[in-house]
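Chain and residue survey
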Amino acid sequence: MTAYPLMLDLTGRRVVVVGGGPAAVAATLSMVAAGAHVVVLSPFPSEPVAELEKDDSVTVLQRQWRSDDLADVWLVHAATGDGCIDDAVAAAAESRRIFCVRPLHATAATARTPDVVRADPVVVAVSDGAGEHPRRQRIIRDAVALALDTGELPLRRKRPGKGMVSLVGGGPGDPELLTVRARRLLAQADVVVADRLCPRAVLNELEPDVLVVDVGKSPDCHPVPQEQINRLLVAHARAGRRVVRLKGGDPYVLGRGGEELAFCRAAGVEVEVVPGVTSAFAVPAAAGIPVTHRGLSRQVTVLSGHEDADWAALARIGGTLVFLMGAATLPAIASGLLAAGMDPATPVAVVERGWLPDQRTTAAPLGRIRHLAASRLPRAPAVVVVGAVAALADEWLVSPGLPVRSASAPAVAPRSSLQEPEVLAHVSG
Ligand code: SAH
């Protein structure tokens, strides 16, 4: 059988579905989506079929079908699941020269619906033609959908259209931690405005004519001021380009995403936010630290280590403290918390370059962290975790550790090895 692929314009056209079960519902919904007027015939319509009638373009007739129901219709679906009835519907359609789809018996039908992926404005329809290999048809459809979702297919439009800005959270640096949506938007972008801490490996995969603007800030060097970044986003979008503002972590976690959103909105530019995996949670996880853990911590406070904090409040608040931008200010963080009365045995872990090949963890009780940091010199980007969960860091348990004289053990010793008095400061990397 050699099938002839065809797309039908059903807008405003009358079509019939015979049947009252799930196959009838699916057929009705897809033809309604295509703009058809659908008459559903079933003596015993299921509840979902009855629901369909809320749609103006659906009429449900609660009775047996008759051959004259096929007068003046463009297409028929025989979907009762009863072979005899579906055969009779198909025969009546045949004699009227109307194509008949049989969702439950595709090989016997005169028309078959493909599996579909939409890549606006293109529709990809996958069909095996004769209806004999539905599984293979589905697998190929899913493979195309995945390639579209992950941005593997170069889908950039070649003519300028409406510009817009997507503020995309890129996660902590490993491209595998990008969301599917981030991937897709990157594949469609004309311009990518990239931060220093975004997953930079993906920038090399972009098509050669994608404009990459590196506004990367390093701790002591701010090449492009925020105001200028805002203006850049708006200018490119106004020129009809699709702009991805690729940021590290999540755009709204100490990421100035709110400011960029407000600026674009005020300028009348269409803008959306795509959440990302925040380093505040993912970087501790990379080192084996869950930010909450039953019995150890049931709350997390995320804050910037850059600004002065209310140390007394933080020392009291309990749970886990996660400082971003705290590598350079680690001594000040430790002093602040100790001076405010936090237990010097409180575990602290500093995780540098989480999820990147040269990730390194420095873990020690609060009372010792300054000393240890002086020799290890943690550098940005790093996340500082303070609280009992920090003692769950892989490094705390695995590496041989630095023997220290102080006898104090971590406030909470989640695993037995922590009780050894020597296991008080451990480092890796
Ligand atoms: N919006 C980002 C945070 C931006 S502030 C987010 O949600 O993750 C920048 C800080 O994030 C850095 O100073 C560092 O503290 C942290 N950070 C980001 N990526 C990191 C990584 N791969 N490893 C360690 N810290 C990271």
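Here, the structure is the one placed above.
Below, the structure is looked at part by part. (Residues numbered from 1 in each chain as written. Predicted model: local features only at pLDDT ≥ 70, side-chain atom pairs only at ≥ 80, totals over all residues. Heavy atoms only, no water.)

**Concerning the site of the ligand**
Around the ligand there are 19 residues in total, and P172, V253, T278, S279 and A382 lie nearest to it. The separation between a nitrogen atom of the ligand and a polar main-chain atom of V253 is 2.6 Å. Residue A382 places a main-chain N or O atom 2.6 Å away from an oxygen atom belonging to the ligand. Against a free-state accessible area of 550 Å², the protein chains account for coverage of 93% of the ligand. Elements supplying a minimum of two residues to the shell around the ligand: helix 8 (279-286) and strand 17 (382-386). (Near = heavy atom within 4 Å. Polar contact = N/O pair within 3.5 Å; in protein donor to acceptor, adjacent residues only side chain to side chain. Areas by Shrake-Rupley, 256 points an atom, 1.4 Å probe, with all protein chains shown as cover. Helix = DSSP H or I, 4+ residues; strand = E, 2+ residues; numbered from the N terminus.)

**Examining the layout of surface pockets**
Estimated volume of the largest pocket: approximately 1700 Å³. In this structure, the largest pocket is lined by 42 residues; those nearest its centre are L6, V101, R112, T113 and P114. Secondary-structure elements contributing two or more residues to the lining of the largest pocket are helix 1 (22-33), strand 4 (75-78), strand 6 (115-119), strand 7 (122-126) and helix 4 (134-149). Counting residues per element, the lining of the largest pocket draws most heavily on helix 1, which supplies six residues. (1 Å grid on protein atoms, 1.4 Å probe; cavity = no way out; pocket = protein on both sides within 12 Å on 5 of 7 lines; lining within 4 Å. Points joined across faces, edges and corners; volume = space filled by probe spheres on them.)

**Section: the packing of aromatic side chains**
If you walk through the whole model with that rule in mind, you get one aromatic pair. Ring geometry for W311 versus F323: centroids 6.3 Å apart, planes at 40 degrees, classification tilted. With W311 in helix 9 (residues 311-317) and F323 in strand 14 (residues 320-324), this residue pair connects regions lying 12 residues apart in the sequence. Neither residue differs from the other here; W311 and F323 are each classed as buried. Directly above the ring of W74 sits R13, whose terminal nitrogen or CZ lies 4.3 Å from the centroid. (Phe/Tyr/Trp six-rings, centres within 6.5 Å; stacked < 30°, edge-to-face > 60°. Buried < 20%, exposed > 50% of the residue type's maximum accessible area, 1.4 Å probe, protein only. Lys NZ or Arg CZ within 6 Å of the ring centre and 35° of its normal.)

**Examining the packing of helix 10 (residues 330-339) against helix 11 (residues 366-376)**
Contact pair helix 10 / helix 11: the axes reach a minimum separation of 9 Å and the direction vectors enclose 160 degrees. Taken together, helix 10 and helix 11 sit at an angle that is classed as roughly antiparallel. For the element pair helix 10 and helix 11, the recorded crossing hand is left-handed. Residues L330, P331, A334, S335, L337 and L338 of helix 10 form the contact with helix 11, whose participating residues are L366, G367, I369, R370 and A373. Of the residues that constitute the contact of helix 10 with helix 11, the class distribution is eight nonpolar, two polar and one charged. (Axes fitted to C-alpha atoms, helices over the stretch in contact; angles between N-to-C directions. Parallel < 35°, antiparallel > 145°, perpendicular 65-115°, else oblique. Left-handed = near helix turned anticlockwise from the far one by under 90°. Contact = heavy atoms within 4.5 Å. Nonpolar A, V, L, I, M, F, W, Y, C, P; charged D, E, K, R; others polar.)

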